[in-house]
Amino acid sequence: MKRVDISGLSGLMIILSVLSLAMQNSLFIILGFAVLLIIILLTWRLYLPNVFTFIMVFHWAQIITFIFYINTSWHGDLHYLTNSAVSAFLCSLTGLLVMSFVFAEVAYKDLVVTAEIFANAVKKIDAKRVLYLYILLYFISSILGRLAFGFGSLTQIFLNIALLKWAGFVLLGYLTYKNKEYRLFFLVAFLLDFVAGFFSFFSSFKDVFFYSAVILMTFISKINFNVSFKLGVGVIALFYLAVVWTVIKGDYRRFLNEGTGQQVVNVSEDKAFNKLSNLLASVNDESLTEGVGSFFYRLQYVYHLAKSMDIVPATIPFQHGNVWRETVQFVLVPRILNPNKGTLDNSIKASKYTGIQFSGASRGVSFSLGYFADCYVDFGVPGMFLALAAIAFIFAKIYRFLLLKATGNIVVNYAIIIAFFVQFSFFEMDGTFMFGRLFTSFVVFLVLKYTLFPRMEKFISKES
């Protein structure tokens, strides 16, 4: 397998490192750039579904944002609100390196995928039928998304089946990229998901950018100046969009749920669009400046790890596996066997181990401790890295299973893998939520492997 040539990216990182010397805490920023290059070298391979690379890079972006958050909101003082900022930042970067190394060693072992193998798999697929499949999966996903929260015991199953829409989107993207077919249809699919995402309580408009990025990462063999420039422009545009969304999303979500405090949409799309338009028109330079600090805080989440390091073990002892044991029990033990199971409220655990009193599900919000912090609270340092290595090992095993066995066409398998894994891109994911989604998603996709996936492959095959 061919590694990606990052010589152009290395040059860009050197330039950015020099420029960062004028900033506060510049050495930590430079260290972050070095870690980014190592992550890409370890995990990015040409003609493979580089979704784990995307996960690690997005984690990295959230971690490095912690330094920018300190610089903008704490005036560069690393010890302003916590004594563990440096430890949390270094442990977070180290955790990424551990996970990247373990994943690469396990997932890529003895894998051989060349441009010819990929091209031959693409040739076996009928592009028009992929378009039909995507349209069908899009409408099924929309229906299941609306029904999911009305069927408590089936919610996660419905949501995981709904992920298959993204498998269709990825397949359409691959065929568009390789065969130059249906470019207009892919653009329409992109815009449709982007616009529709604004009418979701959870701001899912960003998802289409994630999946599109992973599609492109399959084919990038060299990150030169041209690629770096386009990447930079894209990042700046997304940053501006994210800050604007940060400014308006509080008012917008209160409008969507009509002040009920629940994570639901109670208004029509027409009303939502009009409200969104009015809120966007009200954004000004002052609100954007305030939005930058708020966006950095919501993105980084290293602060929660730092606060947990302040408290554990000074006030609360290490849990020696109890946090993850409770997570596994919550996920695997059905409610019929444990009537007192309760419901998941991430804010309770975050409040306990950070000492910060967060609002919870009763007010329609959720704050996570983050699964890196879960590992620290249980095992400390260096034990947390063994726990993160175990998580990466599980990811790698699922990746290999889907890659080699989901269907008989490796490109279809790529789409399935990407649909499965993008949901794990977030550094702040609560351990219980992450393990629950990982377990449920794998069970659902395992059932689909023997039921729906073969029929999908047959339907889009030119030989059928």
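Undergrad: So what about the packing of aromatic side chains? Which residues, and what values?
TA: Within this structure, the stated rule accounts for 54 aromatic pairs. One aromatic cluster is present, built from ring pairs that chain together Phe-52, Phe-103, Tyr-108, Phe-395, Tyr-399, Phe-420, Phe-421, Phe-424, Phe-445 and Phe-453. Against the face of Phe-459 rests Arg-129, its NZ or CZ located 5.9 Å from the ring centre. Over the face of the ring belonging to Tyr-450 we find Lys-449, whose NZ or CZ atom lies 4.5 Å from the ring centre.

Undergrad: Talk me through the nonpolar core; I want residue IDs and the actual numbers.
TA: Among soluble globular proteins, nonpolar side chains are generally buried collectively. Phe-66, Phe-169, Tyr-399 and Phe-421 are the most contacted members of the largest nonpolar core, which totals 160 residues. Of the residues forming this core, the biggest block, 19 residues, is contributed by helix H17 (residues 371–405). Those residues within four positions of Phe-66 in sequence are excluded, and the remaining contacts are Trp-74, Ala-85, Phe-89, Gln-300, Val-302 and Tyr-303.

Undergrad: Could you give an account of unusual backbone geometry, with specific residues and numbers?
TA: Here the bond from Val-312 into Pro-313 is cis, since omega is 5°, no more than 30 degrees from zero. Omega for the bond connecting Val-381 with Pro-382 falls within 30 degrees of zero, at 10°, which places this linkage in the cis form. By the secondary structure assignment, Pro-382 is in helix H17. Here Tyr-47, not a glycine, exhibits a phi torsion of approximately 60°, which is positive. Positionally, Tyr-47 belongs in the loop between helix H2 (26–43) and helix H3 (51–73). Given the relative accessible area of 14%, Tyr-47 is considered buried. Despite not being glycine, His-320 has its phi angle at roughly 50°, a positive value. As for its placement among the helices and strands, His-320 is situated in the loop between helix H14 (302–311) and helix H15 (322–332). For His-320, a relative accessible area of 62% corresponds to the exposed category.

Undergrad: So what's going on with the state of the cysteines? Which residues, and what values?
TA: Applying the stated rule across the entire model yields 0 disulfides. Of all cysteine sulfurs in the structure, the one in Cys-91 sits closest to Cys-375, which takes part in no disulfide; the separation is 11 Å. Of the residues examined, Cys-375 reaches a relative accessible area of 0% and is grouped as buried.

Undergrad: I'd love a proper account of the confidence of the model for the protein chain, names of residues and values included.
TA: Averaged over every residue, the pLDDT of the protein chain is 89; residues scoring 70 or more account for 93%. Considering each helix and strand of the protein chain separately, the mean pLDDT is smallest for helix H12 (residues 269–281), with a value of 82, and largest for helix H4 (residues 85–107), with 98.

Undergrad: Describe in detail the packing of helix H8 (residues 164–179) against helix H10 (residues 207–217), supporting the description with residues and values.
TA: Contact pair H8 / H10: the axes reach a minimum separation of 10 Å and the direction vectors enclose 45°. Taken together, the axis directions place H8 and H10 in an arrangement best described as oblique. As for how H8 packs across H10, the hand of that crossing is right-handed. Counting all contacts with H8, which are made through Trp-166, Phe-169, Val-170, Gly-173, Tyr-174 and Tyr-177, the residues of H10 involved are Asp-207, Val-208, Tyr-211, Ser-212, Ile-215 and Leu-216. Broken down by class, the residue content of the contact of H8 with H10 amounts to 9 nonpolar, 2 polar and 1 charged.

Undergrad: An account of the side chain of Ser-84 is needed here, citing residue identities and associated values.
TA: Along the chain, Ser-84 turns up in the loop between H3 and H4. Residue classification places Ser-84 among the buried residues on the basis of a relative accessible area of 10%.

Undergrad: Which residues make up the environment of Ala-389, and what are the values?
TA: Along the chain, the position of Ala-389 falls in helix H17. When the C-alpha positions of Ala-389 and Phe-103 are compared, they lie 8.2 Å apart, and in sequence the two are 286 residues distant. If sequence neighbours within four positions are ignored, Ala-389 has contacts with Val-98 and Val-102.

Undergrad: So what about H8? Which residues, and what values?
TA: The first and last C-alpha atoms of H8 sit 22 Å apart over 16 residues, in line with the 22 Å expected at 1.5 Å per residue. In terms of burial, H8 is a largely internal element, 13 of the 16 residues being buried. Trailing H8 by a residue or two, Lys-180 shows a phi angle of about 60°, which is positive.

Undergrad: So what about the pattern of salt bridges? Which residues, and what values?
TA: This model, assessed by the stated rule, comprises 4 salt bridges. A salt bridge links Lys-307 to Asp-310; its shortest N-O distance comes to 3.9 Å. Taken together, the positions of Lys-307 and Asp-310, both in helix H14 and 3 residues apart, correspond to about one turn of that helix. What makes Lys-307 buried here is its relative accessible area of 16%. On the accessibility criterion, Asp-310 (23% relative accessible area) is partly exposed. One network of salt bridges, with partners in common, ties together Lys-349, Asp-374 and Asp-430.

Undergrad: Tell me about the environment of Ala-419, residues and numbers included.
TA: Tracing the backbone shows Ala-419 in helix H18 (residues 410–421). Under the relative-accessibility criterion, Ala-419 is labelled buried at 0%. Separated by 289 residues in sequence, Ala-419 and Val-130 place their C-alpha atoms 15 Å apart. Beyond its immediate sequence surroundings of up to four residues, Ala-419 is in contact with Leu-163, Trp-166, Ala-167 and Tyr-211.

Criteria and thresholds
Residues numbered from 1 in each chain as written. Predicted model: local features only at pLDDT ≥ 70, side-chain atom pairs only at ≥ 80, totals over all residues. Heavy atoms only, no water. Phe/Tyr/Trp six-rings, centres within 6.5 Å; stacked < 30°, edge-to-face > 60°. Lys NZ or Arg CZ within 6 Å of the ring centre and 35° of its normal. Core = buried A, V, L, I, M, F, W, Y, C linked by side-chain atoms within 4.5 Å. Buried < 20%, exposed > 50% of the residue type's maximum accessible area, 1.4 Å probe, protein only. Helix = DSSP H or I, 4+ residues; strand = E, 2+ residues; numbered from the N terminus. Contact = heavy atoms within 4.5 Å. Disulfide = S-S within 2.5 Å. pLDDT = per-residue confidence, 0-100. Axes fitted to C-alpha atoms, helices over the stretch in contact; angles between N-to-C directions. Parallel < 35°, antiparallel > 145°, perpendicular 65-115°, else oblique. Left-handed = near helix turned anticlockwise from the far one by under 90°. Nonpolar A, V, L, I, M, F, W, Y, C, P; charged D, E, K, R; others polar. Expected span 1.5 Å × (residues − 1). Salt bridge = Lys/Arg side-chain N within 4 Å of Asp/Glu carboxyl O.

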